[in-house]
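What follows is the residue order along each chain.
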Amino acid sequence: MRILMVGLDNSGKTTIVLKINGEDTSVINPTLGFNIKTINYQKYILNIWDVGGQKTIRSYWRNYFEQTDGLVWVVDSSDLRRLDDCKHELDNLLKEERLSGASLLIFANKQDIQGALSPEEIAKVLNLDAMDKTRHWRIVGCSAYTGEGLLEGFDWLVQDIASRIYMLD
Amino acid sequence: MEENVFGTNDPNPRTTATATADNTTVDPTLQRKNAAMLERLSNRHQSRLAGKSDPDSTNLNAPPSFESTESFLSKFSQSKVSIESCLSQLHQQQENRIPGSDSNRKTDMEKISLSISDLEKFVAENSYFLPSYEVRTCLKTIADLKQSLDDVTSLVIPKKKFSFKNKPSKKPTNPVQEDTVSEKNLNVGSSDLGFKHLIMSPGFRDKEKEVLVKEFDKSDTQGQNGEFTLSGLRDCEVRLKGCLRALFMDRLTNCRIYVGAVMGSVLIEGAEGCVFILASHQIRIHNAKNCDFYLRVRSRPIIEDCNGVKFAPYCLNYERIEKDLEEANLGEETANWANVDDFRWLRAVQSPNWSILPNNERIQTVDISIS
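Being a predicted model, the structure only gives us computed values, none of them experimental.

### A few points about the overall build of chain B
- From N to C terminus, chain B includes six helices and 14 strands.
- Across the 371 residues that make up chain B, the buried fraction comes to 44%.
- A separation threshold of at least 6 residues defines the contact pool for chain B, and within that pool the share at least 24 residues apart is 49%.
- As displayed, chain B has an accessible area near 20,200 Å², and 50% of this comes from carbon and sulfur atoms.

This is how it looks when you write it as structure tokens:
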């Protein structure tokens, strides 16, 4: 399964990938370019593409769209000031035809930080209810710092992708 | 699946267009259809391999067999002219109040919007062989087109533009302090989301010529586990002692920012003529001009859209600072303060946007023990 991780810079994409793979998260450089991680998850093999979120390199996200089964959009729930930026980038992404069949998991990250918005509030700000009805999506609160919520999110994503693949077979 | 239109298992071939001429036998028809399907599948496969989208979705997306800047530019300007003429037509219709159904105009605008994104895709797909100047110019053109479309859109449907904001139903469970100046520091375009009135994170905002001091200790939940914001400050000195989880800064001018230990990340957007002394796990600096950074950081600091920024090692002191740094895993010097990545300068040679602050220009250790 091919999973694409995107979101604004500083949202915690790389930390999530390392944490879920049980790696050390104490030193993480901001991603200049991308990282690919292959993880055995349940009975599936996940190819996770973790793409840098800095403004300069967001225009390169499109190079990773092809054949994406699952899309993970990561939000820094404590960065209130840039939530409109976040909404704008997500809206753009969802217009992309090549991602139209991909299941969408939204991680409302940094829930451990005092003052972070709850997943429900993030869903409201991002206006997720207005999304195309054919899209399979879910929002999950998480903390890449403590690991909370990560498995719940990935469990859903993997199950959703798997059920779609079986239907096609 | 699109391929199904070729209906390999169609029980009645006469109903399909390709079969009508053939009355004698079914087999050649089926064979022909089969061949057509195989060819189409293989075409799709090829285009997939080449990382291109479906070749017949629009002509802009056709595989760029040319790889020539000239033919790219001519194709680009053709599309640009056609989009512009659609836009000006719409604009005139609106100005002259020519009657026409709103839904028609809406479809028109959606079409234009689609053409613009196609154009954007076109640039992206061909950017690998284009000179970077052309790429930038094209992207600028696209941004302008989007702006014009936005302008026309707001003319045609002014009221519907931000209809999603009308739901300020539930209040946050823990009321955060109401700041009378909070309205002012909302960024352009953010007020339409209608949530920032409700939630304001702790911080110093919109101050001038002040010394702002904040001490975070264990009992202080907003410190140890929380974030802090510095926004819209001018000619201020800020002293943050203790540990905090995340620090956001934006629009700082001629300020001195002294910070103890940040256990997570620091994000700076927009600073000019400032001095920062910071210790944190990650630091991202956007749009800073002529600032000095004295850093201790566990990962490589990054800059984006900066110039005249200089870096030196951390040099702050106050009572118990060692303990705070230790607790935040920042006890050791990592020498990362000099390993700056410039996202606007992805080349092997040194970026012109940042430099190491020469020894003789560095300030002495700043002591903020007494506040």
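On we go.
### Digging into the pairing of strand E4 (residues 70-76) of chain A
All names here are of chain A.
- Most of E4 sits out of view: seven of its seven residues are buried.
- Here five bridges tie strand E1 (residues 2-7) to E4, and the two strands are oriented parallel to one another. Directly across from isoleucine 3, in E4, lies its bridge partner glycine 70.
- Here E4 runs beside strand E5 (residues 103-109); their pairing, made up of seven bridges, is parallel. Within E5, the residue paired with tryptophan 73 across the bridge is isoleucine 106.

### Digging into the pairing of strand E4 (residues 237-244) of chain B
Residues and elements named next belong to chain B.
- The buried fraction of E4 amounts to eight of the eight residues, a majority that puts the element mostly inside the structure.
- Bridge count between strand E2 (residues 211-215) and E4: five bridges; the pairing is parallel. When the bridges of E4 are listed, valine 213 appears paired with arginine 239.
- As defined by bridge partners, E4 adjoins strand E6 (residues 256-272) across six bridges and the pair is classed as parallel.

### Here we look at the packing of aromatic side chains
- Overall, the coordinates contain 13 aromatic pairs over all chains when judged by the stated rule.
- Each ring, one from phenylalanine 216 of chain B and one from phenylalanine 228 of chain B, has its centre 5.4 Å from the other, and the planes form 80°; the classification is edge-to-face. In this pair, phenylalanine 216 of chain B sits in the loop between E2 and helix H5 (221-224) while phenylalanine 228 of chain B sits in strand E3 (residues 227-234), placing the two residues twelve residues apart along the sequence.
- By relative accessible area, phenylalanine 216 of chain B is classed as buried at 3%.
- Taken together, the aromatic side chains of Phe276, Phe293, Phe311 and Trp354 of chain B make up a single cluster linked through ring pairs.
- Directly above the ring of tryptophan 49 of chain A sits arginine 2 of chain A, whose terminal nitrogen or CZ lies 4.3 Å from the centroid.
- Just above the ring of tryptophan 345 of chain B sits the side chain of arginine 347 of chain B; from NZ or CZ to the centre is 4.5 Å.

### Notes on empty space enclosed by the protein
- Going through the model one piece at a time under the given rule, you end up with five cavities of 30 Å³ or more.
- Taken as a whole, the second largest cavity encloses approximately 70 Å³ of empty space.
- Those elements that provide at least two residues to the lining of the second largest cavity are helix H2 (55-58) of chain A together with strand E7 (275-289) of chain B.
- Its residues assigned to classes, the lining of the second largest cavity shows no nonpolar, two polar and eight charged.

### So, the sheet that holds strand E3 (residues 44-51) of chain A
Residue and element names in this part refer to chain A.
- In space, the six strands of this open sheet follow the order E2-E3-E1-E4-E5-E6, with mixed pairing throughout. Among the strands making up the open sheet, the edge pair consists of strand E2 (34-41) and strand E6 (137-141). The mean angle between the axes of side-by-side strands here comes to 20°, regardless of whether they run parallel or antiparallel.
- Relative to the sheet, helix H3 (residues 83-94) contacts E1, E4 and E5, its axis offset from that of E4 by approximately 170°.

### A closer look at the interface of chain B and chain A
- Residue-level contacts link 42 residues of chain B with 39 residues of chain A.
- With both sides pooled, the region where chain B packs onto chain A buries about 3,900 Å², and carbon together with sulfur makes up 52% of that total.
- Counting across the interface, chain B meets chain A through four salt bridges.
- Put simply, aspartate 250 of chain B and arginine 81 of chain A hold a salt bridge, and the shortest N to O gap is 3.5 Å.
- Among the elements that take part in the side of chain B that touches chain A, E7 of chain B stands out by supplying four residues, more than any other.
- Here the side of chain B that touches chain A is built from residues that sort into eleven nonpolar, 14 polar and 17 charged.

### Here's the deal with the state of the cysteines
Residues and elements named next belong to chain B.
- Considering all chains together, one arrives at zero disulfides over all chains under this definition.
- Of all cysteine sulfurs in the structure, the one in cysteine 255 sits closest to cysteine 236, which takes part in no disulfide; the separation is 5.0 Å.
- Judged by its relative accessible area of 0%, cysteine 236 is buried.

What counts, and where the lines are drawn
Residues numbered from 1 in each chain as written. Chains lettered and ligands numbered in written order. Predicted model: local features only at pLDDT ≥ 70, side-chain atom pairs only at ≥ 80, totals over all residues. Heavy atoms only, no water. Helix = DSSP H or I, 4+ residues; strand = E, 2+ residues; numbered from the N terminus. Buried < 20%, exposed > 50% of the residue type's maximum accessible area, 1.4 Å probe, protein only. Contact = heavy atoms within 4.5 Å. Areas by Shrake-Rupley, 256 points an atom, 1.4 Å probe, with all protein chains shown as cover. Pairing = 2+ DSSP bridges. Phe/Tyr/Trp six-rings, centres within 6.5 Å; stacked < 30°, edge-to-face > 60°. Lys NZ or Arg CZ within 6 Å of the ring centre and 35° of its normal. 1 Å grid on protein atoms, 1.4 Å probe; cavity = no way out; pocket = protein on both sides within 12 Å on 5 of 7 lines; lining within 4 Å. Points joined across faces, edges and corners; volume = space filled by probe spheres on them. Nonpolar A, V, L, I, M, F, W, Y, C, P; charged D, E, K, R; others polar. Axes fitted to C-alpha atoms, helices over the stretch in contact; angles between N-to-C directions. Buried area = accessible area lost by both parts, 1.4 Å probe. Salt bridge = Lys/Arg side-chain N within 4 Å of Asp/Glu carboxyl O. Disulfide = S-S within 2.5 Å.

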